[in-house]
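Take a look at the letters that make up each chain.
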Amino acid sequence: MSDNDSYMFGTAEAATAGAPATTAATPAATATSAIPYKRHGDKSIWGIFITLCLISVIELYSASSREVASAGVYGPILRHCIMLAVGVAIVWTLEKVHYKWFFGLTWILAGVSLLAMIYVSAFGEIVNGARRSVSLFGITIQPSEFIKMSAVLVVARIMARSQKKSIGVENSGIIWSALWVLAFGAVLFKQGLTNTILLMMISGAMMVLGGTEWKKLLVVGCVYSVIALGAFMLKDVFSDKDRPETPAVTAVTNAPEDVANQRHHTWEARVNRYFSSTPKYEEPITATNRQEQYSYMAQANGGLIGVFPGNSRETARLPLAFSDYIFAIILEDLGFIGGFFLLLLYLALLARAGVIARKCHRAFPVLLVIGMAVMIVLQALFHMAITTGAFPVSGQPLPLISKGGTSILVTSIAFGAMLSVSRTAVQNGSKQAVKEELSELPEDLRANNPVHF
């Protein structure tokens, strides 16, 4: 069977109901549904996923000079390839799942993510001055990545259930979405400001796609701003303002508790440094700015076409070159042209998700495919902006390329969800196909597509 072939779901009894007796005697194999159930997901999304994996293997190997001394020449890339293989298996498996299962598993994933974040906040390992991770069967898990995906699923589910019969979304849906986002933000805030901002932007995009009116969206934004301002004021009241920024940039396990509780001093120092009037090339390299400085050197060394993979000069000096600053090594290896191509690759993912969403008839698959794409692309844009100096310094992995098991797992799940929608949702189908899809879905999944391009 070729990729263009498809098989149909639905029962023969449903297809032959009300037919003449001679038709009822026809073998069940000849009775089909009007709903095309594709064998494979969208080829463009698969192509983007595979291309990102290939870039990841090449560039992570180029950026792993610091690890080669301790883990051997092939140690770092071997572990990364194993994680990518797990990611491919996840994408392949989830592609075969009907998108309605993501709807049903939303609350389970959200609850587990929240509990994991609460546990990590109290007992997790301290990384860069904050409790961020927990080890499970020898694997380091960062629940903050799952929190962002949970936000996409929760908002998609609530918005899909709250669609009005006319255009728009009910007020209850907006309120519940905002409350859940605040709950996610509350447990995420202590770990990092960038992750919290990213969460708010993802949820805001989801609310817009869900049909929220601009006036109501503005009210939600104002509420978020007031709560965020109050959180910062409380941190200033209960914290020692004279404590300097923590200079450590590598993982610290079992660090003193007060280090983990002073993250806002780090944020303040980074923001002040970002708005400093002193040109970057005149600043001396110190423990607090060496990531930025070596990152800028790597980008300058790359020029237009780069020095080609394996010839990076700064990978041995740049801290976290294989994770939070891997885009700097990509720019050094592949130059401006390679970096621009990677940017277009992520934007193409968002554009393709938009094309799929435009063709769908139901609300939930639209919100699911767009939400997952927005999550991946916004995180990539944040990483690129931080690396190039357009945004204050913060730790943010480049989806599917940076080293990090949790990030690869979450990104793979997101790709699997998008492929599931592209394979199982009726897209520009016949009236009969749309009618059959509507009848086979539970009541909560029957809302019409709220996106109008």
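Residues numbered from 1 in each chain as written. Predicted model: local features only at pLDDT ≥ 70, side-chain atom pairs only at ≥ 80, totals over all residues. Heavy atoms only, no water.

Student: Can you break down unusual backbone geometry residue by residue, with the values?
Tutor: Of note in this structure, L320 is not a glycine but carries a positive phi near 55°. Take L320: it is sitting in the loop between α14 (290–302) and α15 (326–359). The buried category is assigned to L320, whose relative accessible area is 15%. Of note, the phi angle at L400 is positive, near 70°, even though the residue is not glycine. Relative to the helices and strands, L400 is located in the loop between α16 (363–388) and α17 (405–424). (Helix = DSSP H or I, 4+ residues; strand = E, 2+ residues; numbered from the N terminus. Buried < 20%, exposed > 50% of the residue type's maximum accessible area, 1.4 Å probe, protein only.)

Student: Break down the packing of α15 against α16 for me, with residues and values.
Tutor: Close contact between α15 and α16 brings their axes to 9 Å; oriented N to C, the two are set at 160°. Classed by the angle they form, the pair α15 and α16 counts as roughly antiparallel. In this structure, α15 crosses over α16, and the sense of that crossing is left-handed. Of the residues assigned to the contact of α15 with α16, the class counts are 23 nonpolar, 4 polar and no charged. (Axes fitted to C-alpha atoms, helices over the stretch in contact; angles between N-to-C directions. Parallel < 35°, antiparallel > 145°, perpendicular 65-115°, else oblique. Left-handed = near helix turned anticlockwise from the far one by under 90°. Nonpolar A, V, L, I, M, F, W, Y, C, P; charged D, E, K, R; others polar.)

Student: Any details on the packing of helix α8 (residues 143–161) against helix α9 (residues 171–189)? Residues and values, ideally.
Tutor: Between α8 and α9, whose axes approach to 9 Å, the crossing angle comes to 175°. When the axis of α8 is compared with that of α9, the two are roughly antiparallel. Here S144, I147, S150, A151, V154, V155, I158 and M159 of α8 lie close against α9, whose contacting residues are G173, I174, W176, S177, W180, V181, F184, V187 and L188. Its residues assigned to classes, the contact of α8 with α9 comprises 13 nonpolar, 4 polar and no charged. (Contact = heavy atoms within 4.5 Å.)

Student: Describe the side chain of S62, and please don't skip the residues or the numbers.
Tutor: Relative to the assigned elements, S62 resides in helix α3 (residues 43–62). A distance of 3.4 Å separates a polar atom in the side chain of S62 from the backbone nitrogen of G310. With sequence-adjacent residues up to four places away left out, S62 is seen in contact with P309, G310, S312, T315, I329 and D333. (Polar contact = N/O pair within 3.5 Å; in protein donor to acceptor, adjacent residues only side chain to side chain.)

Student: Which residues make up the side chain of S56, and what values do they have?
Tutor: Structurally, S56 can be placed in helix α3. Leave out the neighbours within four places in its chain, and S56 touches H80, L84, L400 and I401.

Student: Lay out the pattern of salt bridges in plain terms, naming residues and giving numbers.
Tutor: One pass over the full model with this rule turns up 5 salt bridges. Where E145 meets K148, a salt bridge forms, and the shortest distance between an N and an O atom there is 3.4 Å. Of the two residues, E145 and K148 are both situated in helix α8; the distance of 3 residues between them amounts to about one turn of the helix. The burial state of E145 is the same as that of K148; both residues are buried. For R313, the salt bridge goes to E314, with nearest N and O atoms at 2.8 Å. Within this structure, R313, E314 and R317 form a network of salt bridges that share partners. (Salt bridge = Lys/Arg side-chain N within 4 Å of Asp/Glu carboxyl O.)

Student: Break down the nonpolar core for me, with residues and values.
Tutor: Within the largest apolar cluster, 95 residues are counted, with the highest numbers of intra-cluster contacts made by L342, Y346, M372, L398 and F415. Of all the elements, α16 adds the most residues to this core, at 18 residues. If sequence neighbours within four positions are ignored, M372 has contacts with M149, V152, L153, A414, A417 and M418. One finds I147, A151, I158 and L188 within the second-largest nonpolar core, a separate group that totals 11 residues. (Core = buried A, V, L, I, M, F, W, Y, C linked by side-chain atoms within 4.5 Å.)

Student: Describe the packing of aromatic side chains, listing the residues and the values that go with them.
Tutor: On inspection of all chains with the given rule, the structure shows 8 aromatic pairs. Note on W107 and W180: the rings are 5.1 Å apart at their centroids and 35° apart in plane angle, and the pair reads as tilted. With W107 in helix α7 (residues 106–123) and W180 in helix α9, the pair connects residues that are 73 residues apart, well separated along the chain. According to the relative accessible area criterion, W107 is partly exposed, its value standing at 33%. For W180, a relative accessible area of 23% gives the class partly exposed. Of the aromatic side chains, those joined through ring pairs into one cluster are W46, F49, W92 and F415. Positioned above the aromatic ring of F103 is the side chain of R157, whose terminal nitrogen or guanidinium carbon lies 4.1 Å from the ring centre. Directly above the aromatic system of F322 lies the positively charged group of K403, at a separation of 5.1 Å from the ring centroid. (Phe/Tyr/Trp six-rings, centres within 6.5 Å; stacked < 30°, edge-to-face > 60°. Lys NZ or Arg CZ within 6 Å of the ring centre and 35° of its normal.)

Student: Account for helix α10 (residues 193–209), with residues named and values stated.
Tutor: Over its 17 residues, α10 extends 25 Å from the first C-alpha to the last, a length consistent with the 24 Å expected when each residue adds 1.5 Å. Along α10, the residues classified as buried are T194, N195, T196, L198, L199, I202, S203, M206, M207 and L209. Within two residues after α10, G211 carries a phi angle of roughly 100°, on the positive side. (Expected span 1.5 Å × (residues − 1).)

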